[in-house]
Amino acid sequence: FPVTITRQESVGFNDPDTWISTGNYALNYRIAGRFDASIPLGKVTVFAGASGAGKSFITSGNIVKNAQDQGIFVFLVDTENALDEVWLQNLGVNTSPDKLMKFNMAMIDDVAKLMSAFVKDYRLLPEDERPKVLIILDSIGMLLTPTDVAVWVGYRNRQRPKGRHYLECRPY
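Because the structure is a prediction, the values reported are computed rather than measured. (Residues numbered from 1 in each chain as written. Predicted model: local features only at pLDDT ≥ 70, side-chain atom pairs only at ≥ 80, totals over all residues. Heavy atoms only, no water.)

Draft legend 1. Molecular detail of a nonpolar patch on the surface. Together, Tyr25, Tyr29 and Phe35 line one region of the surface with nonpolar side chains, adding up to about 400 Å² of accessible area. Among the secondary structure elements, tyrosine 25 is positioned in helix α2 (residues 25–32). By relative accessible area, tyrosine 25 is classed as exposed at 62%. (Patch = residues over 30% accessible without salt bridge, like charges linked within 9 Å, V, L, I, M, F, W, Y side chains within 5 Å. Areas by Shrake-Rupley, 256 points an atom, 1.4 Å probe, with all protein chains shown as cover. Salt bridge = Lys/Arg side-chain N within 4 Å of Asp/Glu carboxyl O. Helix = DSSP H or I, 4+ residues; strand = E, 2+ residues; numbered from the N terminus. Buried < 20%, exposed > 50% of the residue type's maximum accessible area, 1.4 Å probe, protein only.)

Below, the structure is given as C-alpha coordinates:
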(Lines give C-alpha, C1' and ligand atoms only; values in the text may rest on other atoms or scores of the structure.)
Protein backbone atom coordinates (compact mmCIF):
# COMPACT_ATOMS: atom_id res chain seq x y z
CA PHE A 1 0.00 0.00 0.00
CA PRO A 2 2.59 2.69 0.87
CA VAL A 3 4.54 1.81 -2.30
CA THR A 4 1.53 2.81 -4.44
CA ILE A 5 1.22 6.12 -2.63
CA THR A 6 4.89 7.05 -2.97
CA ARG A 7 4.73 6.52 -6.75
CA GLN A 8 2.43 9.50 -7.11
CA GLU A 9 4.01 12.54 -8.76
CA SER A 10 3.18 14.99 -6.00
CA VAL A 11 3.87 13.66 -2.53
CA GLY A 12 4.75 15.73 0.49
CA PHE A 13 4.71 19.46 0.92
CA ASN A 14 5.21 22.02 -1.79
CA ASP A 15 5.80 25.39 -0.20
CA PRO A 16 5.54 28.26 -2.69
CA ASP A 17 8.72 30.12 -3.59
CA THR A 18 7.03 32.73 -5.78
CA TRP A 19 4.37 35.18 -4.62
CA ILE A 20 2.36 37.66 -6.70
CA SER A 21 0.91 40.95 -5.48
CA THR A 22 -2.75 41.86 -5.92
CA GLY A 23 -1.66 45.47 -6.35
CA ASN A 24 -3.37 46.38 -3.08
CA TYR A 25 -1.34 46.40 0.15
CA ALA A 26 -4.39 45.96 2.39
CA LEU A 27 -5.69 43.02 0.35
CA ASN A 28 -2.24 41.43 0.25
CA TYR A 29 -2.00 41.69 4.03
CA ARG A 30 -5.53 40.36 4.54
CA ILE A 31 -4.85 37.30 2.35
CA ALA A 32 -1.26 36.40 3.28
CA GLY A 33 -0.25 38.52 6.26
CA ARG A 34 2.31 40.41 4.21
CA PHE A 35 2.13 43.70 2.34
CA ASP A 36 4.27 42.92 -0.71
CA ALA A 37 2.42 39.90 -2.14
CA SER A 38 -0.36 37.45 -1.40
CA ILE A 39 -0.95 34.99 -4.25
CA PRO A 40 1.27 31.89 -4.02
CA LEU A 41 2.27 30.51 -7.42
CA GLY A 42 1.51 26.78 -7.59
CA LYS A 43 -1.48 26.96 -5.24
CA VAL A 44 -5.18 27.48 -5.88
CA THR A 45 -6.49 30.90 -4.88
CA VAL A 46 -10.15 31.85 -5.26
CA PHE A 47 -11.63 35.34 -5.35
CA ALA A 48 -15.33 35.34 -4.57
CA GLY A 49 -17.75 38.21 -4.19
CA ALA A 50 -20.75 40.04 -5.49
CA SER A 51 -21.08 40.97 -9.14
CA GLY A 52 -19.22 44.18 -9.84
CA ALA A 53 -17.00 43.92 -6.74
CA GLY A 54 -13.79 44.05 -8.79
CA LYS A 55 -12.73 40.40 -8.94
CA SER A 56 -11.88 40.54 -12.66
CA PHE A 57 -10.07 43.85 -12.21
CA ILE A 58 -7.89 42.42 -9.46
CA THR A 59 -7.24 39.02 -11.06
CA SER A 60 -7.13 39.76 -14.79
CA GLY A 61 -5.61 43.19 -14.36
CA ASN A 62 -3.42 43.64 -11.30
CA ILE A 63 -2.38 40.04 -10.66
CA VAL A 64 -1.69 39.30 -14.35
CA LYS A 65 0.38 42.47 -14.73
CA ASN A 66 2.34 41.80 -11.54
CA ALA A 67 2.94 38.18 -12.59
CA GLN A 68 4.21 39.32 -15.99
CA ASP A 69 6.51 41.83 -14.28
CA GLN A 70 8.08 38.82 -12.54
CA GLY A 71 8.55 36.98 -15.85
CA ILE A 72 5.63 34.60 -15.27
CA PHE A 73 3.67 33.40 -18.31
CA VAL A 74 -0.12 33.82 -17.96
CA PHE A 75 -2.75 31.34 -19.16
CA LEU A 76 -6.11 33.14 -18.98
CA VAL A 77 -9.53 31.55 -19.55
CA ASP A 78 -12.38 34.06 -19.89
CA THR A 79 -15.81 32.45 -19.49
CA GLU A 80 -17.76 35.71 -19.60
CA ASN A 81 -16.16 36.99 -22.81
CA ALA A 82 -15.68 40.24 -20.93
CA LEU A 83 -11.93 40.80 -21.04
CA ASP A 84 -10.97 42.69 -24.15
CA GLU A 85 -7.43 43.40 -25.27
CA VAL A 86 -7.60 47.20 -24.99
CA TRP A 87 -8.92 47.02 -21.41
CA LEU A 88 -6.15 44.61 -20.39
CA GLN A 89 -3.51 46.78 -22.09
CA ASN A 90 -4.85 49.88 -20.30
CA LEU A 91 -4.27 48.00 -17.04
CA GLY A 92 -0.65 47.42 -18.06
CA VAL A 93 -1.05 43.80 -19.16
CA ASN A 94 1.19 42.64 -22.01
CA THR A 95 -1.19 40.81 -24.36
CA SER A 96 1.45 39.47 -26.74
CA PRO A 97 1.26 35.67 -27.28
CA ASP A 98 4.68 35.09 -25.71
CA LYS A 99 3.42 36.63 -22.42
CA LEU A 100 -0.29 35.73 -22.35
CA MET A 101 -2.55 33.03 -23.79
CA LYS A 102 -6.22 34.02 -23.58
CA PHE A 103 -9.10 31.69 -24.34
CA ASN A 104 -12.85 32.42 -24.44
CA MET A 105 -14.79 29.36 -23.32
CA ALA A 106 -18.26 28.68 -21.98
CA MET A 107 -18.32 24.90 -21.34
CA ILE A 108 -16.70 23.31 -18.31
CA ASP A 109 -15.82 20.22 -20.37
CA ASP A 110 -13.90 22.37 -22.87
CA VAL A 111 -11.96 24.09 -20.07
CA ALA A 112 -11.06 20.71 -18.56
CA LYS A 113 -9.80 19.44 -21.95
CA LEU A 114 -7.81 22.64 -22.52
CA MET A 115 -6.19 22.50 -19.08
CA SER A 116 -5.40 18.81 -19.50
CA ALA A 117 -3.74 19.38 -22.89
CA PHE A 118 -1.77 22.34 -21.53
CA VAL A 119 -0.48 20.40 -18.51
CA LYS A 120 0.37 17.39 -20.68
CA ASP A 121 2.42 19.55 -23.08
CA TYR A 122 3.99 21.43 -20.15
CA ARG A 123 5.19 18.19 -18.56
CA LEU A 124 6.88 17.17 -21.82
CA LEU A 125 9.26 20.12 -21.49
CA PRO A 126 12.53 19.44 -19.68
CA GLU A 127 12.17 20.66 -16.08
CA ASP A 128 14.84 23.32 -16.46
CA GLU A 129 13.00 24.76 -19.51
CA ARG A 130 9.55 24.98 -17.93
CA PRO A 131 8.50 28.60 -17.44
CA LYS A 132 6.60 29.66 -14.35
CA VAL A 133 2.91 29.79 -15.28
CA LEU A 134 -0.07 31.50 -13.68
CA ILE A 135 -3.47 30.03 -14.64
CA ILE A 136 -6.51 32.27 -14.22
CA LEU A 137 -10.10 31.12 -14.76
CA ASP A 138 -12.48 34.09 -14.81
CA SER A 139 -15.12 33.02 -13.80
CA ILE A 140 -15.87 29.47 -12.75
CA GLY A 141 -19.44 30.41 -11.88
CA MET A 142 -20.25 31.24 -15.51
CA LEU A 143 -19.19 27.86 -16.92
CA LEU A 144 -21.96 25.74 -18.42
CA THR A 145 -22.29 21.98 -18.13
CA PRO A 146 -23.74 19.75 -20.86
CA THR A 147 -26.86 19.45 -18.67
CA ASP A 148 -27.26 23.24 -18.62
CA VAL A 149 -27.14 23.32 -22.42
CA ALA A 150 -29.56 20.39 -22.77
CA VAL A 151 -32.06 22.10 -20.47
CA TRP A 152 -31.67 25.37 -22.36
CA VAL A 153 -32.17 23.66 -25.73
CA GLY A 154 -35.20 21.79 -24.35
CA TYR A 155 -36.86 25.02 -23.19
CA ARG A 156 -36.00 26.77 -26.44
CA ASN A 157 -37.66 24.03 -28.52
CA ARG A 158 -40.85 23.93 -26.42
CA GLN A 159 -43.84 25.92 -27.53
CA ARG A 160 -44.39 28.79 -25.14
CA PRO A 161 -47.81 29.13 -23.50
CA LYS A 162 -49.82 32.17 -24.60
CA GLY A 163 -50.17 35.11 -22.27
CA ARG A 164 -46.82 34.60 -20.54
CA HIS A 165 -43.67 36.59 -21.03
CA TYR A 166 -40.31 34.87 -21.05
CA LEU A 167 -36.83 36.27 -20.79
CA GLU A 168 -34.71 34.15 -23.06
CA CYS A 169 -31.05 33.87 -21.99
CA ARG A 170 -28.68 32.61 -24.63
CA PRO A 171 -25.15 31.33 -24.05
CA TYR A 172 -22.38 33.03 -26.01
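Draft legend 2. Quick peek at the nonpolar core. Counting residues in each nonpolar core, the largest one holds 15 residues, and the members touching the most others are Ile20, Val74, Leu76 and Leu134. Broken down by secondary-structure element, the contributors of at least two residues to this core are α3 (55–69), β3 (73–78) and β5 (133–138). Those residues within four positions of valine 74 in sequence are excluded, and the remaining contacts are Val64, Ala67, Gln68, Lys99, Leu100, Met101 and Leu134. (Core = buried A, V, L, I, M, F, W, Y, C linked by side-chain atoms within 4.5 Å. Contact = heavy atoms within 4.5 Å.)

Draft legend 3. View of the pairing of β3. For β3, a buried count of 6 out of 6 residues is recorded, marking the element as mostly surrounded by other parts of the structure. Judged by which residues are buried, β3 turns out to be covered on both faces: Phe73, Phe75 and Val77 on one side and Val74, Leu76 and Asp78 on the other are all buried. Sheet topology places β3 next to β5; 6 bridges connect them, and they run parallel. Bridge pairing in β5 places valine 74 opposite leucine 134. Relative to strand β4 (residues 100–104), β3 is paired through 5 bridges, and the arrangement is parallel. (Pairing = 2+ DSSP bridges.)

Draft legend 4. Structural context of the packing of aromatic side chains. A full pass over the atoms with the stated rule returns 4 aromatic pairs. With a centroid separation of 5.2 Å and 40 degrees between ring planes, the pair formed by phenylalanine 75 and phenylalanine 103 is classed as tilted. In this pair, phenylalanine 75 sits in strand β3 while phenylalanine 103 sits in strand β4, placing the two residues 28 residues apart along the sequence. Judged by its relative accessible area of 1%, phenylalanine 75 falls in the buried class. With relative accessibility at 22%, the residue phenylalanine 103 sits in the partly exposed group. By the ring-pair criterion, three or more aromatic residues cluster together here, those being Phe75, Phe103, Phe118 and Tyr122. The cationic tip of arginine 34 hangs over the ring face of tryptophan 19; the distance from NZ or CZ to the ring centre is 4.9 Å. (Phe/Tyr/Trp six-rings, centres within 6.5 Å; stacked < 30°, edge-to-face > 60°. Lys NZ or Arg CZ within 6 Å of the ring centre and 35° of its normal.)

Draft legend 5. Structural context of the environment of valine 133. Secondary-structure assignment places valine 133 in strand β5. Of the residues examined, valine 133 reaches a relative accessible area of 17% and is grouped as buried. For valine 133 and lysine 99, which are 34 residues apart along the polypeptide, the C-alpha to C-alpha distance reads 9.9 Å. With near-sequence residues (within four places) excluded, valine 133 lies in contact with Leu41, Ile72, Phe73, Phe75, Phe118 and Tyr122.

Draft legend 6. Spotlight on the environment of serine 56. Here serine 56 lies in helix α3. In sequence terms serine 56 and aspartate 138 are 82 residues apart; their C-alpha atoms lie 6.8 Å from each other.

Draft legend 7. Region of interest: the side chain of glutamine 68. Note that glutamine 68 resides in helix α3. By relative accessible area, which is 11% here, glutamine 68 ends up buried. Ignoring sequence-local partners within four residues, the contact set of glutamine 68 consists of Val74, Val93, Asn94, Lys99 and Leu100.

Function cannot be inferred from these measures alone, as they are strictly geometric.
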